[in-house]
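# Examining the three-dimensional arrangement
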Amino acid sequence: MKKTILLLTILLLISCFSSCTTVKKDVNLSQDRADVKTIEIYHSESAYYEGDIHTFLDENEPIVILEPAQHSRFLDTLCTLSFEEEAVFFPIPMDGGYDYEGYIVVVIYSDGGYDIIAEYGLYSYAVGSDGQGRHKYDHSDYCGETPWAEFIEEYIEK
């Protein structure tokens, strides 16, 4: 009986310690590049999270609006940046979430939808066919070799 309980405890601990993995991925825009209306860069001292990120555009002003001639090059680079997400296979309580602060890139589409790309979270808003807004959150963190601020500042200084 004791061996059985010990074996079950060991198996439970093994499954808990191996219940997550890190998945690397690139940025995927929520719409086609042809639908991009503007690309804006913000700097926010306030931290937003999934409960209030939808108010971000109303509460902040961009520090840079990229010229249309820059869109293609910027999106080429942006879509190759590496992000990583921790995937959990076994339901365990976790702290954390989405933190949108610091330099934030907003890609706005002609239909009113937009993507928010920050160092510690991704967010998309789209207008559905029924007219209702659809929200998508992604807690992927930037993990590229070039620091996030350095990548953004290249476009701010121009």
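Residues numbered from 1 in each chain as written. Predicted model: local features only at pLDDT ≥ 70, side-chain atom pairs only at ≥ 80, totals over all residues. Heavy atoms only, no water.

Turning our eyes to something else, we now look at the overall build of the protein chain. Scanning the protein chain from N- to C-terminus turns up four helices and eight strands. Ordering the α and β elements of the protein chain from the N terminus gives α-β-β-α-β-α-β-β-β-β-β-α. When the 158 residues of the protein chain are sorted by exposure, 33% land in the buried category. A sequence separation of at least 24 residues applies to 69% of the contacts in the protein chain between residues at least 6 apart. Carbon and sulfur atoms make up 53% of the accessible area of the protein chain, which totals about 9,800 Å². (Helix = DSSP H or I, 4+ residues; strand = E, 2+ residues; numbered from the N terminus. Buried < 20%, exposed > 50% of the residue type's maximum accessible area, 1.4 Å probe, protein only. Contact = heavy atoms within 4.5 Å. Areas by Shrake-Rupley, 256 points an atom, 1.4 Å probe, with all protein chains shown as cover.)

A large share of strand β5 (residues 99-109) lies buried, amounting to nine of its eleven residues. Bridge count between strand β2 (residues 36-48) and β5: nine bridges; the pairing is antiparallel. From the neighbouring strand, I39 faces β5, where its bridge partner is V107. Bridge count for β5 against strand β6 (residues 114-127) is six bridges, and the pairing is antiparallel. Within β6, the position partnered with D99 by the bridge is Y120. Counting the residues in the hairpin turn of β5 and β6 gives four residues, including G112, whose phi is positive at 100°. (Pairing = 2+ DSSP bridges.)

A word on the nonpolar core. F74, L78, V105, V107, I117 and W148 are the most contacted members of the largest nonpolar core, which totals 24 residues. Mapped by element, the contributors of at least two residues to this core are β2, α3 (68-78), β5, β6 and α4 (148-156). Apart from the residues lying within four places of it in its own chain, the contact partners of W148 are L81, F83, Y103, V105, I117, A118, E119 and Y142. Membership of the second largest hydrophobic core comes to twelve residues, among which are Y42, Y48, F56 and Y100. (Core = buried A, V, L, I, M, F, W, Y, C linked by side-chain atoms within 4.5 Å.)

Okay, the sheet that holds β6 next. The strands making up a sheet associate through backbone hydrogen bonding, with each pair oriented either parallel or antiparallel. Pairing is antiparallel in the open sheet, where five strands are placed in the order β3-β2-β5-β6-β7. The two strands at the open ends of the sheet, each matched to only one other strand, are β3 (64-65) and β7 (133-138). Note that β6 and β7 share six bridges and pair antiparallel. Residue pairing in the sheet places V127 in a bridge with G133 of β7. Set on the sheet, α3 makes contact with β2, β5 and β6; between it and β2 the angle comes to about 55°. (Axes fitted to C-alpha atoms, helices over the stretch in contact; angles between N-to-C directions.)

With that settled, the discussion passes to α4. Along α4, the residues classified as buried are W148, F151, I152 and Y155. Viewed end-on, α4 has its buried residues packed into an arc of 90°, placing them on one side of the element. (Arc of directions from axis to C-beta.)

What follows concerns the packing of α3 against α4. Between α3 and α4, the shortest axis-to-axis distance is 12 Å and the interhelical angle comes to 175°. Taken together, the axes of α3 and α4 are roughly antiparallel relative to one another. Side by side, α3 and α4 meet where Q70, R73, F74, T77 and L78 of the first sit next to F151, E154 and Y155 of the second. (Parallel < 35°, antiparallel > 145°, perpendicular 65-115°, else oblique.)

For the rest of this paragraph, the subject is the packing of aromatic side chains. Going through the model one piece at a time under the given rule, you end up with twelve aromatic pairs. Their ring planes at 75° and their centres at 6.1 Å tell us that F83 and W148 sit as a pair that is edge-to-face. Here the residue F83 occupies a position in strand β4 (residues 82-88), and W148 occupies one in helix α4, the gap between them amounting to 65 residues. Taken individually, F83 and W148 each receive the classification buried, so the pair is uniform in this respect. Relative to Y137, the ring of Y123 has its centre 5.2 Å away and its plane inclined at 40°; by these criteria the two rings are tilted. You can see Y123 sitting in strand β6 and its partner Y137 sitting in strand β7, a full 14 residues away along the chain. One aromatic cluster is present, formed by F74, F83, Y142, W148, F151 and Y155 through successive ring pairs. (Phe/Tyr/Trp six-rings, centres within 6.5 Å; stacked < 30°, edge-to-face > 60°.)

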